[in-house]
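# Summary of the model geometry
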Amino acid sequence: GAVVSQHPSRVICKSGTSVKIECRSLDFQATTMFWYRQFPKQSLMLMATSNEGSKATYEQGVEKDKFLINHASLTLSTLTVTSAHPEDSSFYICSARGLAGGANTGELFFGEGSRLTVL
Amino acid sequence: GEDVEQSLFLSVREGDSSVINCTYTDSSSTYLYWYKQEPGAGLQLLTYIFSNMDMKQDQRLTVLLNKKDKHLSLRIADTQTGDSAIYFCADGRSSASKIIFGSGTRLSIRP
């Protein structure tokens, strides 16, 4: 089946630094990628929708200057948490909707997630 | 309030059936999904159902949809220890081309 890979799977950083998380679709082209955030024991909250070649659409309450999203190619989207603080510590998950198969059913393929810990 | 609601916990005995319930509010929903999340991992799509269907069965999984009441359920027959996970109901909204998740139901299996 389709594979979405995230990197890094875990990252620990100091407060004030920026962290970049990559999301790659390995065997299909993803016109749309989604970024979710999951706090411990809570559901996924959609942060933004990323369309290849255009600006991301952010959900209400998500700071676009804080969470920079770039979707420069059909196989890669990146999320950069700028000037990270402890409250940004969370599990970030990306998902991708492909051009074939996935686009017909609306099925999303999910990455493994990236756990960010800000000290 | 929440757009997609689920109970937080469910405990069943090994071998019994598990029924996880979900309610949603958006009448424009096109697809409704069930995802499974194991500890520390991403999400695995278990099954989905089109909004014009009432039921879908896939091996041990049965999905029932009551569109009038906006109620969705997932039944897992012969529940096994490997079924322990968090199960998320998700609402695919054609109007916004995005998917909204419920809070997740943690399924635990007792011997």
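Data block above holds the structure.
By size, the foremost hydrophobic cluster in this structure holds 25 residues, and its most contacted members are Val4(A), Trp35(A), Phe67(A), Ile69(A), Leu79(A), Tyr92(A) and Leu116(A). In this structure, Ile20(B), Ile49(B), Val63(B) and Cys89(B) belong to the second largest nonpolar core, which totals 21 residues.

Turning next to the state of the cysteines. Residue and element names in this part refer to chain A. Across all of its chains, the model carries two disulfides over all chains by this definition. Each sulfur in the disulfide pair Cys 23 and Cys 94 lies 1.9 Å from the other. Here the S-S torsion is close to 75 degrees, and the disulfide linking Cys 23 with Cys 94 is therefore right-handed. Of this pair, Cys 23 sits in strand 3 (residues 19-25) while Cys 94 sits in strand 9 (residues 90-98), and the two are 71 residues apart along the sequence. Neither residue differs from the other here; Cys 23 and Cys 94 are each classed as buried. Lacking any disulfide linkage, Cys 13 is separated from the closest cysteine sulfur, that of Cys 94, by 18 Å.

All names here are of chain B. Burial along strand 3 (residues 18-24) is one-sided: Ser 18, Ile 20, Cys 22 and Tyr 24 are buried, and none of Val 19, Asn 21 and Thr 23, which face the opposite way, are. Pairing of strand 1 (residues 4-6) with strand 3, which is carried by three bridges, proceeds in the antiparallel orientation. Bridge pairing in strand 3 links Val 4 to Tyr 24. Bridge count for strand 3 against strand 8 (residues 71-76) is six bridges, and the pairing is antiparallel. Bridging from a neighbouring strand, Ile 20 pairs with Leu 74 of strand 8.

We now examine the sheet that holds strand 7 (residues 61-66) of chain B. Residues and elements named next belong to chain B. An order of 1-3-8-7-6 is seen for the five strands of this open sheet, with the pairing classed as antiparallel. One side of each edge strand has no neighbouring strand; the edge strands of this open sheet are strand 1 and strand 6 (55-58). Averaged over all pairs of adjacent strands, the angle between strand axes in this sheet comes to 15 degrees, irrespective of strand direction. Relative to strand 8, strand 7 runs antiparallel, the two being bridged by six bridges. Opposite Leu 65, over in strand 8, you have Leu 72 as the bridge partner.

In this section: the interface of chain B and chain A. Every contact between the two is made by 18 residues of chain B and, on the other side, 20 residues of chain A. The junction of chain B with chain A conceals about 1,500 Å² of combined surface from both sides, 56% of it contributed by carbon and sulfur atoms. Per-residue buried area on chain B facing chain A is highest for Leu43(B), Lys98(B) and Phe101(B); these three make up 29% of the total on that side. Joining chain B to chain A, the criterion identifies zero salt bridges. Contributing elements (two or more residues each) for the side of chain B that touches chain A: strand 4 (29-37), strand 5 (43-50) and strand 10 (98-101) of chain B. Counting residues per element, the side of chain B that touches chain A draws most heavily on strand 4 of chain B, at four residues. Counted by class, the side of chain B that touches chain A contains 10 nonpolar, six polar and two charged residues.

Our focus in this paragraph is the side chain of Arg37(A). Residue and element names in this part refer to chain A. Its location among the elements puts Arg 37 in strand 4 (residues 30-38). The side chain of Arg 37 is buried and forms no salt bridge, while Asp 88, the nearest opposite charge, is found at 4.2 Å. Polar side-chain contacts of Arg 37 include one of 2.7 Å to the backbone oxygen of Glu 87. Not counting the four nearest positions on each side in its chain, Arg 37 is found in contact with Ser 43, Leu 44, Met 45, Met 47, Phe 67, Glu 87, Asp 88, Ser 89, Ser 90, Phe 91 and Tyr 92.

On to the pattern of salt bridges, then. Using the criterion set out here, one finds five salt bridges over all chains in the structure. The partner of Lys66(A) in a salt bridge is Asp88(A), and the shortest N-O contact between them spans 2.7 Å. A residue pair is termed long-range when its members are at least 10 positions apart, and Lys66(A) in the loop between strand 6 (57-58) and strand 7 (67-73) and Asp88(A) in the loop between strand 8 (76-81) and strand 9 qualify at 22 residues. The salt bridge involving Lys36(B) is made with Glu38(B); its shortest N-O contact spans 3.5 Å. The exposure class assigned to Glu38(B) is partly exposed, which follows from its relative accessible area of 37%.

About the criteria used
Residues numbered from 1 in each chain as written. Chains lettered and ligands numbered in written order. Predicted model: local features only at pLDDT ≥ 70, side-chain atom pairs only at ≥ 80, totals over all residues. Heavy atoms only, no water. Core = buried A, V, L, I, M, F, W, Y, C linked by side-chain atoms within 4.5 Å. Buried < 20%, exposed > 50% of the residue type's maximum accessible area, 1.4 Å probe, protein only. Disulfide = S-S within 2.5 Å. Helix = DSSP H or I, 4+ residues; strand = E, 2+ residues; numbered from the N terminus. Pairing = 2+ DSSP bridges. Axes fitted to C-alpha atoms, helices over the stretch in contact; angles between N-to-C directions. Contact = heavy atoms within 4.5 Å. Buried area = accessible area lost by both parts, 1.4 Å probe. Salt bridge = Lys/Arg side-chain N within 4 Å of Asp/Glu carboxyl O. Nonpolar A, V, L, I, M, F, W, Y, C, P; charged D, E, K, R; others polar. Lys, Arg positive; Asp, Glu negative; His and termini not counted. Polar contact = N/O pair within 3.5 Å; in protein donor to acceptor, adjacent residues only side chain to side chain.

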